[in-house]
Amino acid sequence: MLVNGHWQKKWDPVQKTDNEGRFLRQNSAFKGSLSEHHLKKISEQNAEPAIKLYVAYICPWATRTLIARSLLGLEKYIPVSVVAPEITDFGWHFAPSDTVFPGSTAAENEEIEYIHQLYTQSDQNYTGRATVPVLWDTQEQIIINNESEEILRIFNTELRPLHQSELDLYPENFQQAIDAFNNSIYHTLNNGVYRAGFATSQQAYEEAFAEVFSTLETLEKHFTRQKFAVADQLTESDIRLFVTLIRFDLAYYGLFKTNLKRIADYPALSAYLDRLMQVPAFSQNTWPDHIKAGYYSVKALNPTGIVPKGPDLKWFKESVKTG
Ligand SMILES: N[C@@H](CCC(=O)N[C@@H](CS)C(=O)NCC(=O)O)C(=O)O
């Protein structure tokens with residue numbers, strides 16, 4: 001992580017814990033939105049795009065923003081750079097083309113080598129973790145926003161005039177229900193799997209584990225009656241749930257020890273994933289090899305770095321990606 005703008009070499013990608021060993025996630029520091037100037041520049045589509053998005057395909061938070069970008073048809077306005085899936089001692093990085101992981105952006109195409117450079121360019125005294133996603137202002141060379149839930153809303157609301165789709169991911173008449181659904185899954189499931197995986201005491205792990213599975217049971221019942229998370233249309237709640245569910249059997253079940261059941265063992269949740277994986281915005285932004293390589297590169301949880309070969313999941317049968 002960065003401390004007063006300097007990278008700490010002795011660094012371990014396990015975030016903070018409290019006195020009882022409970023995992024604590026840091027709050028995002030850059031919470032800006034788009035100005036009139038940005039909007040004008042983005043719609044002009046000059047040779048140099050006005051904004052860009054830095055992501056990791058392993059990352060559920062970054063993938064939220066990618067799915068929204070695709071669903072709303074914003075691809076041509078917002079170019080994306082994808083880091084190598086493995087987190088290094090220097091954090092996220094771009095690898096040179098001869099060693100680049102399929103699907104990642106080669107270092108030769110980037111002005112930076114490490115994501116932490118974006119943070120020090122934006123604030124030379126930045127203290128904190130250098131996380132993805134990052135919404136970047138290419139002209140000012142500063143971070144606009146590094147919080148996925150806000151980037152998603154920026155795409156949905158502020159970029160509405162550029163949408164190539166009628167879809168509204170946060171429609172006014174469902175906002176309360178969407179907020180309530182999001183709250184019901186964030187702590188116990190989206191972040192719950194991390195709280196189980198990065199717990200440093202048995203008690204903290206068991207607490208998180210119980211909450212993960214009671215939430216999955218509730219959701220299983222919900223999806224026996226409902227097609228989508230909220231109402232009868234896709235909303236941002238589906239994106240926020242999907243990114244966790246699709247990583248569950250691939251990474252969380254094994255590495256994070258959330259192994260009471262797999263998503264494949266829940267019929268209604270499996271059918272829900274089947275439905276969403278048929279939508280290109282969901283399947284095209286889901287890269288199972290990145291997900292496995294990325295999570296299993298966290299040395300504190302997997303010192304040998306060995307990446308499991310399985311599981312053999314139906315959701316990825318036809319979507320072997322080549323980059
Ligand atoms: N609250 C942030 C969380 C982002 C986040 O934690 N990203 C992870 C990858 S999944 C990261 O970049 N971690 C690097 C680190 O913790 O140093 C968001 O939703 O955008």
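Residues numbered from 1 in each chain as written. Predicted model: local features only at pLDDT ≥ 70, side-chain atom pairs only at ≥ 80, totals over all residues. Heavy atoms only, no water.

- For the chain, an unreviewed UniProt entry supplies the name Glutathione S-transferase C-terminal domain-containing protein and the organism Oceanospirillum sediminis.

Focus on the site of the ligand
- Around the ligand there are 17 residues in total, and Cys 59, Trp 92, Arg 129, Glu 147 and Ser 148 lie nearest to it.
- At 2.8 Å, a side-chain N or O of Arg 129 approaches an oxygen atom of the ligand.
- The contact in question runs from an oxygen atom of the ligand to an N or O atom on the backbone of Asn 146, over 3.5 Å.
- For the ligand, whose free accessible area comes to 520 Å², the fraction covered by protein is 92%.
- In terms of residue class, the shell around the ligand is built from nine nonpolar, five polar and three charged. (Near = heavy atom within 4 Å. Polar contact = N/O pair within 3.5 Å; in protein donor to acceptor, adjacent residues only side chain to side chain. Areas by Shrake-Rupley, 256 points an atom, 1.4 Å probe, with all protein chains shown as cover. Nonpolar A, V, L, I, M, F, W, Y, C, P; charged D, E, K, R; others polar.)

Observations concerning the pattern of salt bridges
- Throughout the structure, instances matching the rule amount to 17 salt bridges.
- Residues Glu 149 and Arg 240 are paired through a salt bridge, measuring 3.2 Å at the closest nitrogen-oxygen approach. Pair noted here: Glu 149 is in helix 4 (residues 148-158) and Arg 240 is in helix 8 (residues 236-255), with a separation of 91 residues, a long-range link.
- Exposure remark for Arg 240: the relative accessible area of 5% places this residue in the buried category.
- Between Glu 211 and Arg 195 there is a salt bridge, and its shortest N-O distance comes to 3.0 Å. Of the two residues, Glu 211 sits in helix 7 (residues 202-225) while Arg 195 sits in helix 6 (residues 192-197), which places them 16 residues apart along the sequence.
- Members of the salt-bridge network, linked through shared partners, are Asp 18, Glu 20, Arg 22 and Glu 207. (Salt bridge = Lys/Arg side-chain N within 4 Å of Asp/Glu carboxyl O. Helix = DSSP H or I, 4+ residues; strand = E, 2+ residues; numbered from the N terminus. Buried < 20%, exposed > 50% of the residue type's maximum accessible area, 1.4 Å probe, protein only.)

Quick notes on the nonpolar core
- Counting residues in hydrophobic clusters, the biggest one holds 102 residues, and the most contacted among them are Ile 115, Tyr 119, Phe 155 and Leu 216.
- Here this core gets 11 residues from one element, more than from any other, and that element is helix 8.
- Looking at which domains feed residues into this core, each of domain 1 (2-162) and domain 2 (172-280) supplies at least three. (Core = buried A, V, L, I, M, F, W, Y, C linked by side-chain atoms within 4.5 Å. Domains from an automatic or database assignment.)

Overview of the sheet that holds strand 5 (residues 134-137)
- With mixed pairing, four strands are arranged side by side in an open sheet as 4-3-5-6. Both edges of this open sheet fall to strand 4 (80-82) and strand 6 (142-145), since each of them pairs with a single strand only. On average, each strand axis in the sheet is inclined to that of its neighbour by 35 degrees, with strand direction left out of account.
- Here three bridges tie strand 5 to strand 6, and the two strands are oriented antiparallel to one another. Paired with Leu 135 across the two strands is Asn 145, which belongs to strand 6.
- Packed on one face of the sheet, helix 2 (residues 60-71) meets strand 3 (51-55) and strand 4 and runs near 135 degrees to strand 3. (Pairing = 2+ DSSP bridges. Axes fitted to C-alpha atoms, helices over the stretch in contact; angles between N-to-C directions. Contact = heavy atoms within 4.5 Å.)

Focus: the UniProt feature "site: Lowers pKa of active site Cys" (unreviewed entry) in the chain
- The UniProt entry lists Tyr 252 and Tyr 295 under the feature "site: Lowers pKa of active site Cys" (unreviewed entry), expressed in the numbering used here. Of the residues just listed, which span 44 residues, no C-alpha pair is farther apart than 8.5 Å, and they cluster in one region.
- Following the sequence through the fold, Tyr 252 ends up in helix 8.
- For Tyr 252, a relative accessible area of 0% gives the class buried. (UniProt positions renumbered as here; feature names shortened; annotations may be inferred.)

Comments concerning the domain arrangement of the chain
- Structurally, the chain comprises domain 1 (2-162) and domain 2 (172-280).
- Each of domain 1 and domain 2 has a C-alpha centre, and these two points are 24 Å apart.
- Taken residue by residue, the interface counts 21 residues in domain 1 and 23 residues in domain 2.
- Both sides together, the interface formed by domain 1 and domain 2 hides about 1900 Å², and carbon and sulfur atoms give 59% of it.
- Summed over the three residues of domain 1 that lose the most area to domain 2, namely Phe 23, Pro 60 and Arg 64, the buried surface amounts to 28% of that side.
- Our enumeration of links across domain 1 and domain 2 arrives at four salt bridges.
- In this structure, Asp 179 engages Arg 153 in a salt bridge whose closest nitrogen and oxygen atoms are separated by 3.4 Å.
- Linking domain 1 to domain 2 there are 10 residue pairs in polar contact (both at pLDDT 80 or more). (Buried area = accessible area lost by both parts, 1.4 Å probe.)

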